[in-house]
Amino acid sequence: RQLDEALLDGEIDLAVHSLKDVPTRLPDGIALAAFTERHDPSDVLVSDERYTVDELPRGAVVATSSLRRRAQLLHRRPDLDIVAIRGNVGTRVRKMREGAADAVVLARAGLERLGLDAPHTVIPADVVLPAVGQGALAVATLEDHPLRARVREVLNHEFTEKAVRAERAMLHALEGGCRVPVGASSVFDGGVVQLRGVVASPDGALVYRGRAEGEEPEEVGRGLARDLLEQGAAVVLGEVREVRSR
């Protein structure tokens, strides 16, 4: 929000965000001018023992503040004790090593960008689908900024843009934000977007999955959202919104 305000006030010309943190509804006057080439969007399980999700001891304490990660982990391993954790990436790893948890879940792209050599294993997408836009950076400018076209020309990665546009369209159609239990994974290949999505109840008991593909990213995203809602995801998302509004 502070960067949005700085853009609108003319204090800065552009802002760079982790795309997974950017709402699907942008403030009036702001546009996403470019999407950088995506890093691996996978989540990783960080632990000194290099546990996989299935190798974690029964009742192990796993730290994450993400409802999406919590829901999918509990669906796979309902015995796990999922606890919240705060702080930057380095702080979360340190807290885990100090005994706050047996493992902590982080984005692989974040570890790589920070150059942190924390022992970890990659969590397969069939266990935990990543967040919408995870692994990509987005560059925001004013819609009418004279540098917008040049920024796009220099920084935009077409394949990444096509993929994340589908993911964001799905999330928007689900009326979700970055704090709902929704995951997505997509690739753009041969002119076709292939998209996977998941909606899970916070306790992991209910999981709705789907796939869609097509040439138009937004259509693919909206189509998958309709499929997930028809399966029953609307009930889960409604309950989450009700809890958060209390």
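Since the structure is predicted, the reported quantities are computational estimates derived from the model, not experimental observations.

Rules behind the numbers
Residues numbered from 1 in each chain as written. Predicted model: local features only at pLDDT ≥ 70, side-chain atom pairs only at ≥ 80, totals over all residues. Heavy atoms only, no water. Helix = DSSP H or I, 4+ residues; strand = E, 2+ residues; numbered from the N terminus. Expected span 1.5 Å × (residues − 1). Contact = heavy atoms within 4.5 Å. Phe/Tyr/Trp six-rings, centres within 6.5 Å; stacked < 30°, edge-to-face > 60°. Buried < 20%, exposed > 50% of the residue type's maximum accessible area, 1.4 Å probe, protein only. Pairing = 2+ DSSP bridges. Axes fitted to C-alpha atoms, helices over the stretch in contact; angles between N-to-C directions. Salt bridge = Lys/Arg side-chain N within 4 Å of Asp/Glu carboxyl O.

1. Some details on helix H6 (residues 158-173)
Phase 1: A rise of 1.5 Å per residue sets the reference length of H6, with its 16 residues, at 22 Å; its end C-alpha atoms lie 23 Å apart and thus fit the reference within 8%.
Phase 2: In the stretch just after H6, glutamate 175 is the one whose phi turns positive, near 60°.

2. Considerations on the side chain of glutamine 134
Phase 1: Mapped onto the elements, glutamine 134 comes out in the loop between strand S7 (120-122) and strand S8 (137-142).
Phase 2: Apart from residues lying up to four places away in sequence, glutamine 134 is in contact with Lys20, Arg38, Pro41, Ser42, Asp43, Arg68, Arg69 and Ala107.

3. Observations regarding the packing of aromatic side chains
Phase 1: Enumeration according to the criterion identifies one aromatic pair in this entry.
Phase 2: Seen in terms of ring centroids, phenylalanine 159 and phenylalanine 188 are 5.2 Å apart; in terms of plane orientation they differ by 75°. Their pairing is edge-to-face. One end of the pair, phenylalanine 159, is in helix H6; the other, phenylalanine 188, is in strand S9 (residues 182-189), with 29 residues separating them in the sequence.
Phase 3: Phenylalanine 188 sits in the buried class, given a relative accessible area of 13%.

4. Describing the environment of glutamate 112
Phase 1: In this structure, glutamate 112 sits in helix H4 (residues 108-114).
Phase 2: In this structure, the C-alpha to C-alpha distance between glutamate 112 and aspartate 40, residues 72 residues apart in sequence, is 9.4 Å.

5. A few points about the sheet that holds strand S11 (residues 207-214)
Phase 1: As summarised here, the arrangement of the three strands in space is S9-S10-S11, forming an open sheet in which the pairing is antiparallel. Taken across any chain shown, the strands that pair with only one partner, and hence form the sheet edges, are S9 and S11. Neighbour-to-neighbour, the strand axes of this sheet turn through a mean angle of 10°, independent of strand direction.
Phase 2: Pairing between S9 and strand S10 (residues 192-200): eight bridges, direction antiparallel. Counterpart to phenylalanine 188 in the pairing with S10 is valine 193.
Phase 3: With respect to the sheet, H6 is in contact with S9 and S10, its orientation differing from that of S9 by roughly 150°.

6. A look at the sheet that holds strand S6 (residues 103-107)
Note: strands within a sheet are paired through backbone hydrogen bonds, in either parallel or antiparallel orientation.
Phase 1: One open sheet holds the five strands; their spatial order is S5-S4-S6-S3-S7, and the pairing between them is mixed. The strands lining the two open edges of the sheet, one partner per strand, are strand S5 (81-83) and S7. Neighbour-to-neighbour, the strand axes of this sheet turn through a mean angle of 30°, independent of strand direction.
Phase 2: Along the sheet, helix H2 (residues 67-76) makes contact with strand S3 (43-46), strand S4 (61-63), S5 and S6, crossing S6 at roughly 125°.
Phase 3: Its contacts with the sheet place helix H3 (residues 89-100) against S3, S4, S5 and S6, and it is angled at close to 165° to S6.

7. Re the pairing of S11
Phase 1: Direction of pairing for S10 relative to S11: antiparallel, over a ladder of eight bridges. The residue bridging alanine 200 from the neighbouring strand is valine 207, located in S11.
Phase 2: Taking the residues between adjacent antiparallel strands as the criterion, S10 and S11 are bridged by six residues, where glycine 204 takes a positive phi near 80°.

8. Some details on the pattern of salt bridges
Phase 1: Taken as a whole and assessed by the stated rule, the structure comprises 14 salt bridges.
Phase 2: In this structure, aspartate 21 engages lysine 20 in a salt bridge whose closest nitrogen and oxygen atoms are separated by 3.5 Å.
Phase 3: Assessed through its relative accessible area of 45%, aspartate 21 is described here as partly exposed.
Phase 4: Residue lysine 20 is classed as partly exposed on the basis of its relative accessible area of 30%.

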